[in-house]
Amino acid sequence: MTRIILAAASAVALLFFAAPAFATTIFVSNEKDNTITVVNADTLEVVKTIKVSRRPRGIMLSPDFKELFVAAGDGDIMDVIDTKTLEKSRELESGPDPELMAIDPAGKVIYIANEDDSLVTIMDIKSGDVLGEVPVGVEPEGMGVSPDGKFTVATSESTSMAHVIDNTTMKLIANVLVDSRPREAKFTPDGKELWVSSEVGGTISVIDPKTWKVVKKITFEVPGVRPEQLQPVGMDFTKDGKEVFVALGPANRVAVIDTATKEVKNYILVGQRPWHGEMGPDGKKYYVANGLTNDLTVIDVESQKAEKSVPVGRLPWGVAIMP
Amino acid sequence: MPIKATVPIVYLGKQYEEPLPLSYAEKPIFDKGIQGARLIAKEANQAGRFVGYAFDLVEAIVPANADVVAKAKEILAKGDAFIIADLEPKDLLAVADLPEAKNSILVNIRSNKEALRQEQCRPNVFHILPDWAMRADALAQYLIWKKWPRWFIVRGDTPADKEYVEQIKRAAKRFGGKIVAEKVYDLPPGARNTDSGYQQVQAQIPMVTESAPEHDVVWVANIDEGFGDYIAYRTYLPRPVVGTQGLQALAWDSSYTEYGAMHFQNGLPKLAKRRPVERDYTAWLGGRALTDGIMRSGETAPAKVKEYLVSDKFKLEGFKGQAMSFRTWDHQLRQPIILGGGTRVPVSVSPQEGFLHPTNVTDTLGFDQPETKCKLP
């Protein structure tokens, strides 16, 4: 009898301590406020506002979720935030004007786009040692690492190209001309395609990583919206990879594209000037930052409906989510 | 990638005399334009590396008393050329009309003159800088949107000012503005403001502006900058000042930061050691049109690149949030226009919301196809 009670007691105790200490947490970089807004994804309440260096834009978690990296462009530094304490723990000397970054799947190397210098800086995440620098086109921004870790793609906004770096040799092996002002480069979760969004060109180029050639261009059309306002920037694949959500900037909408057919299935109205978002860890919600309305819109992935908006800081840019 | 072609891009200019800044506190700038060209040459080479092209900026700026047409002949003797033309209208036309310039491309980065886009248009000339009509329309749309439709024009007594006023009148007709009066400012410029002459200027400007009927804004046309800067805050009635001073319609402004503009706002000072001016941007954009045209068409002959520039494949990115392109009827670059010129943040960007157009709302600025007086062969 005593043994059972003891076992039950300790089982209850285990349950009590095994429950997650924190809910899913959303981090939003506020370009104008120089802060990161921390939101509890369950309650949608702002938990904390963290001060960072000037002009934070690119924001990304390490694969183990222990650290949050923030590219502070005018501060010429990469702030690193400890996700437990929600305080800045260290800095990475990223090189001037870092805008966006990508981290290899193993979490060992960070690739940083230095906007003003036309460089990609390759850095050891732990030590901050610069492993290499790759000169790319003018105004690099978009950064994407292939799921197998073999390649990193950087887009140069002014030169309108996607540059492919072989991560073993740290050398450029391909330069793909795309439409005007490419902002983001993302591989499909299965690594079979590379998608590059062209903001001013108004298209997404789908590139075959075997040949590094553009195999398809996706365009957008919304009755009543001027074509030049349909500006694709951030792209996020659903958990199963079957769909991709694309923020369309001044069109104030998120487009939903069928990954296989490349057809646009839906346009969801959100706040003003959505640029970047992130899928929740269970794939049920999509969170997108609206630059001009200073808020974060929560979209239900299955119904494809915008549910709620949460006020964040000024000129919100990017979103990162910790389970 | 190995370089398959090195293409010269010529910057053709002349050290024309320009009005000095009104205030000693403002340093005169003598290298407007060429700095923008140097920046785009650097960036075009960075891009060209990846696709096998190199660009050679040939700086051909002659002194004030020299013959720029002779210089052009020297350059054209080497073959058909890509020319960033920083020239006054007479020189621009003289060069464009040379028989040896027939298959070259000249991009006008300096002159606002309306006639160059109308009766004096040329098949080998493209216009980067907005013309007076576009500038007047950009301001007019904003004023109508603001519900400030009554305009009192104060202008200098020069042919250039008269030309600008013609476009203001055209804008009024197009968008519903009303010109309540037009006054010629004919007092001697400048002198009365120096050495505590403030009292005199303060008294003088209200007298110039007193007699006008009811109006919402004072629209100044003073291209040689002799008096326009004195008008704001001194008018008889409290009214905003717009035009060549006050709120201006510009292709570039130092307060503009959108759509990656900081790249240029930071990049030019690194090279030129001074803030960017409008002509730096138009030179940069003109050079970009040419080098992008070459790289994307894959052609190095100007005549072939020209075909690409007027095709609907040509989309020019220049920090304006939309791809820009050349109007096929007069070779004018269609572009959004910034309203600023002194404020710390831009006041607005035209075209304004609510103005409609069947194909491209940016074509509500300037001369549209049905109204053009340009007949290109």
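All values reported here derive from a predicted model rather than from experimental measurement.

A. How the structure looks around helix H9 (residues 302-309) of chain B. Residues and elements named next belong to chain B. Among the residues of H9, those classed as buried are Pro302, Val305, Lys306 and Leu309. End-on view of H9: buried residues confined to an arc of 110°, all on one side of the axis. Buried-residue contacts for H9 involve strand E3 (82-86), strand E4 (105-108), strand E5 (125-127), helix H8 (278-297) and strand E11 (325-326).

B. Summary view of the interface of chain A and chain B. Chain A puts 17 residues into the contact, and the matching count from chain B is 13 residues. Of the residues contributing to the side of chain A that touches chain B, the split by class is four nonpolar, seven polar and six charged.

C. Main features of the sheet that holds strand E16 (residues 182-187) of chain A. All names here are of chain A. If you trace the four strands from one edge of the open sheet to the other, you get E16-E17-E18-E19, paired in antiparallel fashion. The sheet is open, and its two edges are formed by E16 and strand E19 (213-218), each paired on a single side. Across the sheet, the mean angle separating the axes of adjacent strands is 25° when strand polarity is ignored. Sheet analysis places strand E18 (residues 203-208) next to E19, joined by five bridges and oriented antiparallel.

D. Layout of the domain arrangement of chain B. All names here are of chain B. The domains assigned to chain B are domain 1 (5-130 + 253-336) and domain 2 (133-250). Just the C-alpha atoms count here: the centres of domain 1 and domain 2 sit 30 Å apart. Listed per partner, the contact involves six residues of domain 1 and nine residues of domain 2.

E. Representation of the environment of Glu17 of chain B within the structure. Here Glu17 of chain B shows up in the loop between strand E1 (5-14) and helix H1 (34-51). A C-alpha to C-alpha distance of 20 Å links Glu17 of chain B and Tyr281 of chain B, two positions 264 residues apart in sequence.

F. Quick peek at the sheet that holds strand E7 (residues 87-92) of chain A. Residue and element names in this part refer to chain A. Taken in spatial order, the four strands make up an open sheet running E4-E5-E6-E7, and their pairing is antiparallel. Strand pairing shows two members of the sheet lacking a second neighbour, strand E4 (56-61) and E7, which therefore form its edges. Ignoring which end each strand starts from, the neighbouring axes of this sheet average 25° apart. Note that strand E5 (residues 67-72) and strand E6 (residues 77-82) share six bridges and pair antiparallel. Across the sheet, Ala71 pairs through a bridge with Met78, a residue of E6.

Basis of the calculations
- Residues numbered from 1 in each chain as written.
- Chains lettered and ligands numbered in written order.
- Predicted model: local features only at pLDDT ≥ 70, side-chain atom pairs only at ≥ 80, totals over all residues.
- Buried ≥ 20, exposed ≤ 12 C-beta atoms within 10 Å, placed from the backbone.
- Helix = DSSP H or I, 4+ residues; strand = E, 2+ residues; numbered from the N terminus.
- Arc of directions from axis to C-beta.
- Contact = placed C-beta atoms within 7 Å.
- Nonpolar A, V, L, I, M, F, W, Y, C, P; charged D, E, K, R; others polar.
- Pairing = 2+ DSSP bridges.
- Axes fitted to C-alpha atoms, helices over the stretch in contact; angles between N-to-C directions.
- Domains from an automatic or database assignment.

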